[in-house]
Amino acid sequence: MQYKAKIKKALAVLSPDLIAPEAPMQSALLKRAVALAKITGCELEIFHVCYDGGLLYQLFASDDELERQRMRLTDSAATRVAEVAARLRNEAIDVKDEVRWDNPRTDAILRKITQSSPDIVLKQAREHSFVLGITSNTDWELARRSPAHLWLVNNGVDDIDRIVAAVGNQPHDTNEITSAADYDIFRTAGLIGDIFKAEIHPVNAYQVPDTQSYVAASASMGAPVLTEEIPRVSRSKIFKKHNSNIRAFAQYFQIPTDNVHVCEGHPTEVIPNVARSIDADMIVMGSTNISRFERLFSSVTVEPVIADAECDMLIVREHEPSSVPKAAESPHYGVPKYDLARAIIEPESTFETPQEVAGIADLSIPLRERILQAWEYDIKAEMREEDEGGPAGRVDTDVLDDIYSAKALLEMKKEKAGNDNKTLKRLSA
């Protein structure tokens, strides 16, 4: 089934490990973002929040010096993110990049979402536990407060082949299993399913009321009920009602009824269990904006499922205004130290010496090697032109020796990094 909704803009929030100079481009988050952009043709924006509490105050540093340190840190991060963007552009992706110094991180991300208005936000999921509904972290806060749909990417998932769509699990009228919000959840799941050619599995959890509640409800309608019959009768009636409703729901969206899962239990247990049983790659569910205080007195589903899920999570947000705290001060925006497109095409006009290129810690070794290689090609092209009768005296042949020296230095750094990785793997084994 083709879903009418489209993804026109996606925002990928990069964590510090994804902007490290040697970070793999094949990270799960970037793989999802690249696939989404290529298949849908949507605009992609990559965003990173840069912050270090140690640069807010230092005993022997002036405010101006701390400001300079913050700017250096932010510009350094912007240079690294610019390389990530440059690699994505090489794959013909329409991408923008931004780095800002801002705090707290969750609020900074929310402010960015409000400003950019993406259709979907992708973020690397972090491991966390759920304790009494009072613990909190960025993933949960975004799940509750983001004005856009939130995709939490699990590093252990390679491809999106099976999607669990959790429907009919919100508080609702006793006469209705599904609601308008469930249609939004399913349309979003179907859209992702169409994009990644994944099959959809609707999941619904139902609960049998306790004996006292059942008797009270029946007595109010003048229907005498034998206490011993309650568990059997109520389970059968409730299951049939939920199963019939969810199957009709699936048929409306042209989903095979064999894919429908209606199980007794609380959604926080049923949803992750079904996802594991069918080896699902994504769970799609809805959420509403409630405070941490309200979680103490409300039955919450999103946070415990996020904590228990072993796959990607897509949180479908209801269309409601989001309250985003204002920043305490204007954020600093990072500026890349180099124009990377120009650096590769005209390295000699961007850098003073090849040794400068070799020493740029904010760029990956492969990119530095590529810049040096381009510089070498330029020098050799000028030498050939001079040999063929072109203007003489323009070529500084000593630069070639400097390039070879810089390349050798990078080769040593690459070998050391490889040995360090082997040692780390051996120690962690």
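Our structure is the block above this text.
Residues numbered from 1 in each chain as written. Predicted model: local features only at pLDDT ≥ 70, side-chain atom pairs only at ≥ 80, totals over all residues. Heavy atoms only, no water.

Novice: How would you summarise the overall build of the protein chain if you had to cite specific residues and measurements?
Specialist: Regarding its fold elements, the protein chain presents 15 helices and 11 strands. Pairs at least 24 residues apart make up 78% of the contacts formed inside the protein chain by residues separated by at least 6 positions. (Helix = DSSP H or I, 4+ residues; strand = E, 2+ residues; numbered from the N terminus. Contact = heavy atoms within 4.5 Å.)

Novice: Quick one: what's the story with the pattern of salt bridges, residue by residue and with numbers?
Specialist: Under the criterion given, the structure shown has 27 salt bridges. Put simply, Glu67 and Arg70 hold a salt bridge, and the shortest N to O gap is 2.9 Å. With Glu67 and Arg70 both in helix α2 (residues 63-89) and 3 residues apart, the pair spans about one turn of that helix. Taking the relative accessible area as the measure of exposure, Glu67 reaches 28% and is therefore partly exposed. Arg70 gets classed as buried once you look at its relative accessible area, which sits at 11%. (Salt bridge = Lys/Arg side-chain N within 4 Å of Asp/Glu carboxyl O. Buried < 20%, exposed > 50% of the residue type's maximum accessible area, 1.4 Å probe, protein only.)

Novice: With reference to specific residues and values, describe helix α3 (residues 105-116).
Specialist: Each turn of an α-helix holds 3.6 residues, which means side chains three or four residues apart point in the same direction. End to end, α3 covers 16 Å across 12 residues, agreeing with the expected 16 Å (1.5 Å per residue, within 8%). Counting buried positions along α3 gives 9 out of 12 residues, so the element sits mostly inside the fold. Listed as buried for α3 are Thr106, Asp107, Ala108, Ile109, Leu110, Arg111, Lys112, Ile113 and Ser116. Looking one or two residues beyond α3, the residue adopting positive phi is Ser117, at roughly 50°. (Expected span 1.5 Å × (residues − 1).)

Novice: Break down helix α1 (residues 28-40) for me, citing the residues and quoting the values.
Specialist: Between its first and last C-alpha atoms α1 spans 18 Å; for 13 residues at 1.5 Å apiece the expected length is 18 Å, and the two agree. Among the residues making up α1, those that are buried are Ala28, Leu29, Leu30, Arg32, Ala33, Val34, Leu36 and Ala37. Where α1 ends, the next residue or the one after it, Gly41, has phi of about 75°, a positive value.

Novice: Account for the nonpolar core, naming residues and giving values.
Specialist: The biggest cluster of nonpolar side chains holds 95 residues, and the ones touching the most others in it are Leu44, Ile46, Trp151 and Ile283. Counting 21 residues, the second largest nonpolar core, distinct from the first, contains Ile360, Ile371, Ala406 and Leu410. (Core = buried A, V, L, I, M, F, W, Y, C linked by side-chain atoms within 4.5 Å.)

Novice: Can you lay out the packing of α3 against helix α4 (residues 138-145) for me, pointing to particular residues and giving the numbers?
Specialist: To characterise two packed helices, one gives the angle between the axes of the helices and the distance between these axes. In contact at an axis separation of 10 Å, α3 and α4 are set at 35° when each is read in the N-to-C sense. For the pair α3 and α4, the crossing hand works out as right-handed. Facing α3, whose interface residues are Arg105, Thr106, Asp107, Ile109 and Leu110, α4 presents Thr138, Glu141, Leu142 and Arg145. Class assignment for the residues of the contact of α3 with α4 results in 3 nonpolar, 2 polar and 4 charged. (Axes fitted to C-alpha atoms, helices over the stretch in contact; angles between N-to-C directions. Left-handed = near helix turned anticlockwise from the far one by under 90°. Nonpolar A, V, L, I, M, F, W, Y, C, P; charged D, E, K, R; others polar.)

Novice: Before we move on, could you go through the environment of Ile238 and cite the residues and values that matter?
Specialist: Relative to the helices and strands, Ile238 resides in helix α7 (residues 230-252). In this structure, the C-alpha to C-alpha distance between Ile238 and Gln207, residues 31 residues apart in sequence, is 8.1 Å.

By themselves, these figures tell us nothing about what the structure is for.
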